[in-house]
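Remarks on the overall topology
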Amino acid sequence: MNIIFVAPPAAGKGTISSLLASNYDYKHISTGDLIRNEIKTGSKLGTELQEVINKGELVSDELITEMLKKELTKKENQKFILDGYPRNVEQAKVLTTLFTKLKINDYIVLYLEVEKEIAQKRALGRIVCQNCGSTYNKYFSECQPQKEGICDKCQGILISRTDDNEKTFNKRFDTYLKVTQPVLDYYKKLDKLKIIDSNQTAFTALESIKRILGVEND
Ligand code: ADP
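Residues numbered from 1 in each chain as written. Predicted model: local features only at pLDDT ≥ 70, side-chain atom pairs only at ≥ 80, totals over all residues. Heavy atoms only, no water.

Quick look at the packing of aromatic side chains
Each aromatic ring pair is characterised by the separation of its centres together with the angle its planes make. The line we're drawing: Two rings from Phe, Tyr or Trp (for Trp, the six-membered ring) form a pair when their centres are within 6.5 Å of each other. A pair whose planes differ by under 30 degrees is stacked, one over 60 is edge-to-face, and the rest are tilted. Every helix listed is a DSSP run of H or I at least four residues long, and every strand listed is a run of E at least two residues long, numbered separately from the N terminus. Think of it in three bands: residues with accessible area under 20% of the maximum for their type are buried, residues over 50% are exposed, and the middle band is partly exposed, with areas taken using a 1.4 Å probe on protein chains only.
Considering all chains together, one arrives at 6 aromatic pairs under this definition. Measuring from ring centre to ring centre gives 5.9 Å for F80 and F99, while their planes differ by 55°; the resulting arrangement is tilted. Note that F80 is positioned in strand β3 (residues 80-83) and F99 in helix α5 (residues 89-102), a separation of 19 residues in sequence. For F99, a relative accessible area of 2% translates into the label buried.

As structure tokens, this is what we get:
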């Protein structure tokens, strides 16, 4: 079963997606990562994207949909996790059309529910490997790297994301409430929506997801 995550910023989409992708052979498609990879290239488009995400706003639907289509058509027969798309009802409708075209109908939408204060702490403590993108957190003992500032997996340097400051986080959260939250209703009506409590650790949320997927004993 393919998975779509819908959640407020820093609810744990990325962390849970990585856990699922490595344990259950999913292709992890993160639109945030696609954007950050473009920024890393130093292209003109990357500079424009950086400005948008630093303001806590959404990138244009056309652009992000183009990026997503490329990834989805590349995935061949592998199951996928969509992390960060759709982020508004327009994108949800585009996705439904795209799924029809690609004959994809076995999917589930997981809403990671989290309190704003908890998400904010996660965002402000988040540190990411510059090299491989693995995520750690300064404020949670179970999420810290073994060696301060260094990635356990590739020895890369850990840095904060430019949009993980208090002002941008608040704007991202507002954008989520206004623009992304209505997506939940869209999927509820399609009977695709499941709610996951993401206020505890990523492992707790993962256990609930495994039950929904019917792989709790794996
Ligand atoms: P988070 O879930 O922590 O907010 P992401 O890594 O998913 O972070 O996204 C970072 C930023 O990238 C968003 O704040 C937004 O500006 C942009 N972005 C990601 N996905 C989309 C999308 N589907 N549509 C528009 N903008 C997007």
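Some details on the packing of helix α2 (residues 31-40) against helix α3 (residues 44-54)
The following threshold applies: For helices, the fitted axis covers only the stretch in contact; all axes are lines through C-alpha atoms, and the angles between them, taken along N-to-C directions, range from 0 to 180 degrees. Roughly parallel here means an angle under 35 degrees, roughly antiparallel means over 145, roughly perpendicular means 65 to 115, and every remaining angle is called oblique. Take the far helix as your reference; a near helix turned counterclockwise from it by less than a right angle gives a left-handed crossing, and one turned clockwise gives a right-handed crossing. Contacts are assigned to residue pairs that have any heavy atoms within 4.5 Å of one another.
Axis separation between α2 and α3 bottoms out at 7 Å; the angle between their running directions is 130°. Taken together, the axes of α2 and α3 lie oblique to each other. α2 and α3 meet at a crossing whose hand is left-handed. Touching I35, E38 and I39 of α2 are L45, G46, L49, Q50 and I53, all from α3.

A look at the packing of helix α7 (residues 166-180) against helix α8 (residues 182-189)
Two quantities define a packed helix pair, namely the angle between the helix axes and the distance between the axes. Running from amino to carboxyl end, α7 crosses α8 at an angle of 35°, the nearest separation of the two axes being 5 Å. Here α7 contributes Y176, L177, K178, V179 and T180 to the contact with α8, which in turn contributes P182, V183 and L184.

Considering the sheet that holds strand β6 (residues 135-137)
Sheet strands associate in pairs through backbone hydrogen bonding, adopting either a parallel or an antiparallel arrangement. Operational definition: At least two bridges found by DSSP between two strands is the condition for calling them paired.
Read from one edge to the other, the open sheet built from 3 strands follows the order β6-β5-β7, with strand pairing classed as antiparallel. Of all the strands in the sheet, just β6 and β7 (158-159) have a single pairing partner and so form its edges. Across 2 bridges, the pairing between strand β5 (residues 126-129) and β7 is antiparallel. Counted as the bridge partner of C129 is L158 from β7. Along the sheet, helix α6 (residues 116-125) contacts β5 and β6; its crossing angle with β5, the most-contacted strand, is approximately 40°.

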